[in-house]
Amino acid sequence: MSHVKRSTRPAALVIAASLALSACSGPGMREGAVIHGTAYSMQEVQQAVAQIDSIAANPVDVSQIVYEAAVVPLIADAFHGSPYTVSDAQLTSTMHGAGLEEEPNELALSSARFRHYASILQAPGIQEDPAMGPVLAQLNAVTQEDILDLDVEVNPRFGTWKPEEGGVVAEVPAWITPSGTN
């Protein structure tokens, strides 16, 4: 019977990779996202993605959910007081009607509110509705600076908040190189 000497090198590489990945969350960022001062756990962010994904026409990801939740206060503020304002109860009812079986979490409701208002803005003839005049005027006053000033922080596991690039942008750590390069 011969003895086979096993290399500890693969195990060491796995441990080193695990430690490097666990360090990606950074000190103090245990949340999945902090949007306008409200912290959402990793589980809440992932749950919101799953909830919206279960009723959306197209697949969604963390970037969309975080971006929608971040900008919806600007949009909701413009719609406030108009006949198109929607309540959490109305959104929840609509989400249940679309097939969501559980209660939507706060982040999913924010995304649903964004999607509701976006669908109104895309409706044919909505531009001619006199009730939309003040809404459209306020939305047209929103600048790129307003979006850049949004108070958003995301866990590095999801990427980096870059509203000028559309929200959360996934970034590959420098120590990871594409296959075939050194």
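As a reminder, the structure under discussion sits directly above these lines.
From a predicted model like this one, the values you see are computed outputs, not experimental measurements.

Asks: Just checking my understanding: could you explain helix 6 (residues 132–140) for this structure?
Replies: Because an α-helix packs 3.6 residues into every turn, residues spaced three or four apart end up facing the same way. Within helix 6, the full set of buried residues consists of M132, V135, L136 and L139. Seen along its axis, helix 6 keeps its buried residues to an arc of 95 degrees; they face one direction. Of the surrounding secondary structure, the elements contacted by the buried residues of helix 6 are helix 3 (62–79) and helix 5 (106–121).

Asks: Teacher, can you tell me more about helix 3 here?
Replies: In this model, helix 3 (18 residues) spans 25 Å end to end at C-alpha, consistent with the 26 Å of a helix rising 1.5 Å per residue. Between a side-chain oxygen at the N-terminus of helix 3 and the backbone nitrogen of S63 the separation is 3.2 Å; the capping residue is D61.

Asks: Looking at this model, I keep getting lost on the pattern of salt bridges. Mind explaining?
Replies: Oppositely charged side chains can pair when the atoms bearing their charge come close. Per the counting criterion, the structure on display carries two salt bridges. A salt bridge links R115 to E68, with the nearest nitrogen and oxygen atoms 3.0 Å apart. In this pair, R115 sits in helix 5 while E68 sits in helix 3, placing the two residues 47 residues apart along the sequence. Judged by relative accessible area, which is 28%, R115 ranks as partly exposed. With a shortest N-O distance of 2.6 Å, R113 and D88 are connected by a salt bridge. Placement of R113 in helix 5 and of D88 in helix 4 (residues 88–97) is noted, with a sequence separation of 25 residues between them.

About the thresholds
- Residues numbered from 1 in each chain as written.
- Predicted model: local features only at pLDDT ≥ 70, side-chain atom pairs only at ≥ 80, totals over all residues.
- Heavy atoms only, no water.
- Buried < 20%, exposed > 50% of the residue type's maximum accessible area, 1.4 Å probe, protein only.
- Helix = DSSP H or I, 4+ residues; strand = E, 2+ residues; numbered from the N terminus.
- Arc of directions from axis to C-beta.
- Contact = heavy atoms within 4.5 Å.
- Expected span 1.5 Å × (residues − 1).
- Polar contact = N/O pair within 3.5 Å; in protein donor to acceptor, adjacent residues only side chain to side chain.
- Salt bridge = Lys/Arg side-chain N within 4 Å of Asp/Glu carboxyl O.

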